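The lines below spell out each chain.
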Amino acid sequence: MALPGDLDALTKAFSGFGVDENSIISILGKWHPEQRKSFRKGFPQFFREDKRLFERWDERHIAFLEHEFLRFKNAMVLWTLHPWERDARLAKEALAKGDYDILVEIACTRSSEELLGARRAYHSLFDHSIEEDVAYSVNDSNRNLLVALVSSYRYEGARVNEEIAETEAKTLSEAIKNAEKRPIENEEVVRIITTRSKLHLKAVFNYYKEISGTTTEEILASALKGSADEKNKQALTRVIVTQADSYMKEISEEYHKQHGVSLSQKIEETTNGNYKDFLLTLVARGD
Amino acid sequence: MATITVPDHTSPVEDAENLRKACEGWGTNENTIVSILGHRNAVQRKQIRQAYEEIYQEDLIKRLESELKGEFEKAVYRWILDPADRDAILAHVAARNAKSDNRTIIEIACIRSPEELLAAKRAYHFRYKHSLEEDVASRTTGDFRKLLVALVSTYRYDGDEVDVSLAGSEAKILHNMIEGKSFNHEEVIRILSTRSKAQLNATFNRYKDTHGASITKSLSGNPADEFSEALCIAIQCIRSPQKYFEKVLRNAINKVGTDEDAITRVIVTRAEKDLKDIKDLYHKRNNASLEHAISKDTSGDYKIFLLTLLGCEEL
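Residues numbered from 1 in each chain as written. Chains lettered and ligands numbered in written order. Predicted model: local features only at pLDDT ≥ 70, side-chain atom pairs only at ≥ 80, totals over all residues. Heavy atoms only, no water.

**Notes on the overall build of chain A**
A tally of helices and strands in chain A yields 17 helices and two strands. Along the first, second and third principal axes, the C-alpha atoms of chain A reach 75 × 40 × 40 Å. The 287 residues of chain A split such that 44% are buried. Accessible surface for chain A amounts to roughly 15,200 Å². Of this, 54% is attributable to carbon and sulfur atoms. Put simply, chain A has 41 plus and 48 minus side-chain charges, and the middle of one group is 3 Å from the middle of the other. (Helix = DSSP H or I, 4+ residues; strand = E, 2+ residues; numbered from the N terminus. Buried < 20%, exposed > 50% of the residue type's maximum accessible area, 1.4 Å probe, protein only. Areas by Shrake-Rupley, 256 points an atom, 1.4 Å probe, with all protein chains shown as cover. Lys, Arg positive; Asp, Glu negative; His and termini not counted. Charge placed at Lys NZ, Arg CZ, Asp CG, Glu CD.)

Structure follows, in structure tokens:
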């Protein structure tokens, strides 16, 4: 009979966020047919008694496992791709799935030259410009904002006009208070957010502290919650892989500040196997 | 084809020295300036500026700015700059000024290649510590703003691939807007500002095949507002830059008082590109050569400089 600890380990390996390959090798790999049979009988959540008298593996769970085995491969590929190709592919996929927040993330967190690079790679990969595909696919009120964001080529220098920043903060504040129209449908809001330099926008946001969008730290927190859905899980891979070379240290510190536990520790608790080890390695580079 | 003529061998150092001599002492020898700079391409002009800076520890451009005057000075200043820098300055002047200058911005956005537009935007960042997009956006409103900012922001795919059925459906959208059947400017802005030039030209061709008249003809006549006017200019620039420039020159010359700014802009920015084709079109359309028209309408060193850039040998 299997040891209780082994069963726990295997359950975790089969349920997770990544797959615990080592447990599978050391535990499952050693089991005789009888042990495997009693595992199948003991886990109705994965195996069901078929009317023709065999323990049948739930199709959805097999698909789930396939997906979880791929999580490490996806992280590794994302990590190794040229950042331009990586971002172009992420954008294409996001557009196809309607995950507009990923487009926003790419457009806003990359530098002007990095975003430009992604747009070039997009030309090569898909024979279209990213803006034409976004404009064509997005048919709702998000379109103007999204197209403008992916087309932005912001000034990256230090010069900021404080007076204009203050005026624009007031404009944003009024737009947000206006109950009749969504802020992103307000053309002044779109203009400010999509054309001003990042430093200028920081000044604008400082003048208007109440503005809070989804911060990177919040994405990580949602992903690491027990009830995280697939979108949030993919976000974990994406954020860590794309930020490992730039803001990982700041993100870890901010996560720790907000949640009282280190990012690494949370990843250790929540994810499995090679996928886990890979993420921890990337996060540790920030130290 | 270009119109300027460039000698087989040039020496940037020699040119720099001769330009210096032309500027020294009382008065300036404008002929020397024209005969040297008027026969050098962008790469050579840059080398001359560098050589001049090295030898005399002075910026040649600043020197020329102080020595020359009037329309001649403006023309030489624009000519001697790097094309990207020149576009940035032209765009900046246009973005800050009266409405009528928006055509310059549309020209730069639509006629330059995607890489040239990008280079201009970088030069703009460097010079003005702002992006071109933010300056254009903050000075315009409504659909006009949306069109202009979109045109300036785009980084078009530069391949030749064309989706024929898409060209058909998008020609229809354009047609509906032009016929006044739809007031949906968003779709028109989307098409014009994001599709590749190859795709757009395929769309314009489909338009002509389906409706008999070319899209530019359908749009001409008095535009109702600045948005329609901008639309018209953008389409002309994408469809046939040379025809567009011929028209700009024709209007600038025929205008009471002559629009030197426009003449300078067209000649300086196209002399190394397609001024020959523009000249030919002008001749066909007006039964007189462009050189002849410029000769009549301008004078002095400014005239000689323009004619040199036009490729005139005997002056």
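Text resumes after the structure shown.
**Remarks on the overall build of chain B**
Summing up its helical and strand segments, chain B has 20 helices and zero strands in all. In summary, chain B has a C-alpha radius of gyration of 21 Å against a globular reference of 20 Å for 315 residues, a match within 12%. For the C-alpha atoms alone, the extent of chain B along its principal axes is close to 65 × 45 × 35 Å. Counting across all 315 residues of chain B, residues that qualify as buried make up 53%. When contacts within chain B are restricted to residue pairs at least 6 apart in sequence, those whose partners lie at least 24 apart make up 70%. Summed over all atoms, the accessible surface of chain B reaches about 13,900 Å², with 48% contributed by carbon and sulfur. On chain B, the mean spot of the 46 positive side-chain charges and the mean spot of the 50 negative ones are 5 Å from each other. (Rg over C-alpha atoms; globule rule 2.2 N^0.38 Å. Contact = heavy atoms within 4.5 Å.)

**Section: the UniProt feature "binding site: Ca(2+) 2" (unreviewed entry) in chain B**
All names here are of chain B. UniProt's entry tags Ile253, Lys255, Gly257 and Asp297 with the feature "binding site: Ca(2+) 2" (unreviewed entry), counted in the numbering of this structure. A compact arrangement is adopted by the annotated residues: their sequence extent is 45 residues, whereas the largest C-alpha distance between any two is 10.1 Å. Within the secondary structure, Ile253 is located in helix H16 (residues 241-254). Contacts of Ile253, omitting those with residues within four sequence positions, involve Thr258, Ile263, Tyr282, Leu290, Ala293, Ile294 and Asp297. Tracing the backbone through its elements, the reader meets Lys255 in the loop between H16 and helix H17 (260-270). For Lys255, a relative accessible area of 45% puts it in the partly exposed group. (UniProt positions renumbered as here; feature names shortened; annotations may be inferred.)

**Structural notes on the side chain of Thr194(B)**
As for its position among the elements, Thr194(B) is in helix H12 (residues 185-194). Within polar-contact distance, the side chain of Thr194(B) engages the backbone oxygen of Arg190(B) at 2.7 Å. Among all residues touching Thr194(B), those that are not within four sequence positions of it are Ser129(A), Glu131(A), Glu132(A), Ala135(A), Thr154(B) and Arg156(B). (Polar contact = N/O pair within 3.5 Å; in protein donor to acceptor, adjacent residues only side chain to side chain.)

**Focus: the pairing of strand S1 (residues 47-50) of chain A**
All names here are of chain A. Of the strand pairs in this sheet, S1 and strand S2 (residues 54-57) are connected by four bridges, and their pairing is antiparallel. Within S2, the position partnered with Arg48 by the bridge is Arg56. Where S1 folds back on S2, the antiparallel hairpin that results is connected by three residues, among which Leu53 adopts a positive phi of roughly 65°. (Pairing = 2+ DSSP bridges.)

**Concerning the interface of chain A and chain B**
In this complex, chain A contributes 25 residues to the contact, which on the side of chain B involves 31 residues. Between chain A and chain B the total buried area reaches about 2,700 Å² when both faces are included, carbon and sulfur atoms providing 51% of it. Remark: the boundary between chain A and chain B carries seven salt bridges. Residues Glu134(B) and Arg196(A) are paired through a salt bridge, measuring 2.6 Å at the closest nitrogen-oxygen approach. For the interface between chain A and chain B, the tally reads 19 residue pairs in polar contact (both at pLDDT 80 or more). For the side of chain A that touches chain B, the element with the most residues is helix H7 (residues 112-126) of chain A, which contributes five residues. (Buried area = accessible area lost by both parts, 1.4 Å probe. Salt bridge = Lys/Arg side-chain N within 4 Å of Asp/Glu carboxyl O.)

**Comments concerning the domain arrangement of chain A**
Annotation of chain A at the domain level lists domain 1 (4-57), domain 2 (83-224) and domain 3 (230-285). Between the C-alpha centres of domain 1 of chain A and domain 2 of chain A there is a distance of 46 Å. (Domains from an automatic or database assignment.)

**Some words on unusual backbone geometry**
Residues and elements named next belong to chain A. One non-glycine residue, Leu53, adopts positive backbone phi at about 65°. Mapped onto the elements, Leu53 comes out in the loop between S1 and S2. With a relative accessible area of 73%, Leu53 lands in the exposed category.

**Quick notes on the confidence of the model for chain B**
Averaged over chain B, the pLDDT score is 92; the fraction of residues at 70 or greater is 97%. Scored by ipTM, the complex comes to 0.83, with pTM at 0.86. (pLDDT = per-residue confidence, 0-100.)

**Some thoughts on the state of the cysteines**
One pass over the full model with this rule turns up zero disulfides over all chains. Residue Cys237(B) stays outside any disulfide, its sulfur separated by 5.6 Å from that of Cys110(B), the closest cysteine. (Disulfide = S-S within 2.5 Å.)

**Topic: the pattern of salt bridges**
Residue and element names in this part refer to chain B. In total, this model carries 57 salt bridges over all chains according to the counting rule given. Between Asp85 and Arg127 there is a salt bridge; the shortest N-O distance is 2.9 Å. Separated by 42 residues along the polypeptide, Asp85 in helix H6 (residues 83-96) and Arg127 in helix H8 (residues 114-128) bring together distant segments of the chain. Judged by relative accessible area, Arg127 falls into the partly exposed class, the value being 35%. Taking the shortest distance from any N to any O, the salt bridge between Lys276 and Asp280 comes out at 3.2 Å.

**Focus: the environment of Leu306(B)**
Residue and element names in this part refer to chain B. Looking at where Leu306 falls in the secondary structure, it is placed in helix H20 (residues 300-309). Sequence separation between Leu306 and Leu249 is 57 residues; the distance between their C-alpha atoms is 13 Å. Apart from the residues within four sequence positions on either side, Leu306 is in contact with Ile263, Ile267, Ile294 and Thr298.

**As for the nonpolar core**
Leu37(B), Leu64(B), Ile263(B) and Ile294(B) are the most contacted members of the largest nonpolar core, which has 94 residues in total. The dominant element in this core, judged by the number of residues it contributes, is helix H15 (residues 226-239) of chain B, at nine residues. Setting aside residues up to four positions removed in sequence, Leu64(B) forms contacts with Cys23(B), Ile33(B), Leu37(B), Glu73(B), Val76(B) and Ile80(B). If you look at the next biggest cluster of nonpolar residues, it comprises 37 residues, including Leu146(A), Val241(A), Val261(A) and Tyr275(A). (Core = buried A, V, L, I, M, F, W, Y, C linked by side-chain atoms within 4.5 Å.)

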